[in-house]
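Read off the chains here:
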Amino acid sequence: MTHPCFDAVIAGGGPAGLAAAIALLERRLSVFILRPPAVHPTPRAEMLPPAAEPIIARLGIADVLEQAVALHPALGLWPTAQPEVLGHASAQQRTAISIDRYALITLMERRVKEKGGHFHPHRLRGIAGAPGNWLVATGDGQVVRARFAVDATGRPAHLARRLGAQLCLGATLVARTFFLPATPWPQLVIEATANGWWYALPMQQGGTAGFVSEADTLPEKPALLPIPGGFPPRAKTWDARNSRLSPCAGPGWLAAGDAAAAFDPVASQGLFNALSGGFFAGNAAADALAGEHHAFIVYADLVARTAVRTHRATPHHYATARGQSGFWHRRRAQAFSAQSERPTPSPFSEQGLVFQANFN
Ligand SMILES: Cc1cc2nc3c(=O)[nH]c(=O)nc-3n(C[C@H](O)[C@H](O)[C@H](O)COP(=O)(O)OP(=O)(O)OC[C@H]3O[C@@H](n4cnc5c(N)ncnc54)[C@H](O)[C@@H]3O)c2cc1C
């Protein structure tokens, strides 16, 4: 059976996958992007530092800045478990921008379509074959052939784990987030509690709020943030652990963004990493396709160093808080565990090649 053939298949249509697609398309390579059908906007609450503006411009999506909100120094109720206002609401210096994710993804998808990228609204189901000649099965039962495979499926790293890579996970952490009709202050506000921390972030319309804690912790009512202690029914729960993939690249494939390394939201680095790392990943893939066989080694080395450096810094963020509860002590002493989450072999096969099961 003949299958449609592409230079690269990208699993995942978040910021990392779309940035990788833009880089590959700029190098005149054909790209097939697998991503589940569009869903409603979710309250992620993401900020970018001003240093992200060059990569936003490079990706051709500067219009997203029109929908962003400039944030002034954070109003920190942060460094002590007893709320204590730091920073100054009156300072004029802009320290970050709050990004509208829906606008970001819409602009990036438009850019990819303009450059000829091919979207397929289904999940990755399996991958088989060999570097240079992958066979990728999609959720609707199709199979495409690709010379290179990019895993941009976010934290679960669905594609790379099918190829044998392992996730190393930090201590359990979840973020429960929801939209706010209005935000109390025009900047990021963080409040530490005994078992976690609350934040509220303004957007152009309303804002988002979240509580970051260990998985089994009930929300505590913040003392100063005017947010109710419970979660509204439409709150969303996110895995917020540090994680890194080992290895994050190999012959004929690489992982980008959260799939390669994900960060505790305290680092506020994941989105910047997804945009810049995704663009770098697309270029590394293009180099590999042009015959530079060591391109993936250079890429993997840089991603691993960035991940290790950022993960090592996490306990220091928590150390700035003088909270004495178990939560704060545990966050200051984090270790990684290697976790093998490879899927079991699948009943689905094509031309004698066994695809591994979907475990989404
Ligand atoms: C609560 C919260 C707050 C955060 N705050 C910040 C912040 O302030 N600043 C910051 O920089 N970062 C922040 N982050 C991190 C940031 O959101 C992520 O780092 C960033 O979205 C990673 O982008 P990505 O493209 O790698 O992954 P994702 O955005 O997770 O995208 C993955 C894509 O893959 C798709 N997918 C999943 N499985 C499959 C499959 N099997 N087949 C095909 N497609 C699949 C998904 O649908 C999705 O489209 C925060 C994260 C959370 C959860």
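Residues numbered from 1 in each chain as written. Predicted model: local features only at pLDDT ≥ 70, side-chain atom pairs only at ≥ 80, totals over all residues. Heavy atoms only, no water.

Near the ligand, the surroundings consist of 32 residues, among which Glu46, Arg101, Leu124, Asp258 and Leu271 are the closest. Between the ligand and methionine 47, the relevant distance is 2.9 Å, taken from a nitrogen atom to a main-chain nitrogen or oxygen of the residue. Here an oxygen atom of the ligand sits 2.7 Å away from a polar atom, N or O, in the side chain of aspartate 258. Its free accessible area being 1,000 Å², the ligand has 89% of it covered by the protein chains. Those elements giving two or more residues to the shell around the ligand turn out to be α1 (15–26), β3 (46–48), β12 (174–180) and α5 (270–289). (Near = heavy atom within 4 Å. Polar contact = N/O pair within 3.5 Å; in protein donor to acceptor, adjacent residues only side chain to side chain. Areas by Shrake-Rupley, 256 points an atom, 1.4 Å probe, with all protein chains shown as cover. Helix = DSSP H or I, 4+ residues; strand = E, 2+ residues; numbered from the N terminus.)

Among the nonpolar cores identified, the biggest contains 76 residues, and Ile10, Leu24, Leu59, Met108 and Leu245 are the most heavily contacted of them. Sorting elements by how many residues they give to this core places α5 first, with 10 residues. Setting aside anything within four residues of it in sequence, one finds leucine 59 in contact with Ala19, Ile22, Met108, Arg111, Leu275 and Phe279. Of all hydrophobic cores here, the second largest spans 20 residues; its members include Tyr199, Leu201, Ala240 and Ala321. (Core = buried A, V, L, I, M, F, W, Y, C linked by side-chain atoms within 4.5 Å. Buried < 20%, exposed > 50% of the residue type's maximum accessible area, 1.4 Å probe, protein only. Contact = heavy atoms within 4.5 Å.)

Turning our attention to unusual backbone geometry. Of note, the bond from serine 246 into proline 247 is cis; its omega dihedral lies within 30 degrees of zero at -5°. In this structure, proline 247 sits in the loop between β17 (243–246) and β18 (249–250). Positive phi, normally seen in glycine, also occurs at arginine 28, with a value near 65°. Position of arginine 28 relative to the elements: it lies in the loop between α1 and β2 (31–34). Of note in this structure, alanine 157 is not a glycine but carries a positive phi near 45°. Here alanine 157 is to be found in the loop between β10 (143–151) and α4 (158–162). Judged by relative accessible area, alanine 157 falls into the buried class, the value being 0%.

Here three strands make up an open sheet; going across it, the order is β3-β6-β4 and the pairing antiparallel. Each edge of the open sheet is held by one strand with a lone partner, namely β3 and β4 (69–71). Ignoring strand direction, the axes of neighbouring strands in this sheet form an average angle of 35°. Pairing of β4 with strand β6 (residues 96–99), which is carried by three bridges, proceeds in the antiparallel orientation. Looking across to β6, one finds that alanine 70 is bridged to isoleucine 97. (Pairing = 2+ DSSP bridges. Axes fitted to C-alpha atoms, helices over the stretch in contact; angles between N-to-C directions.)

The analysis is restricted to geometry; functional conclusions fall outside its scope.
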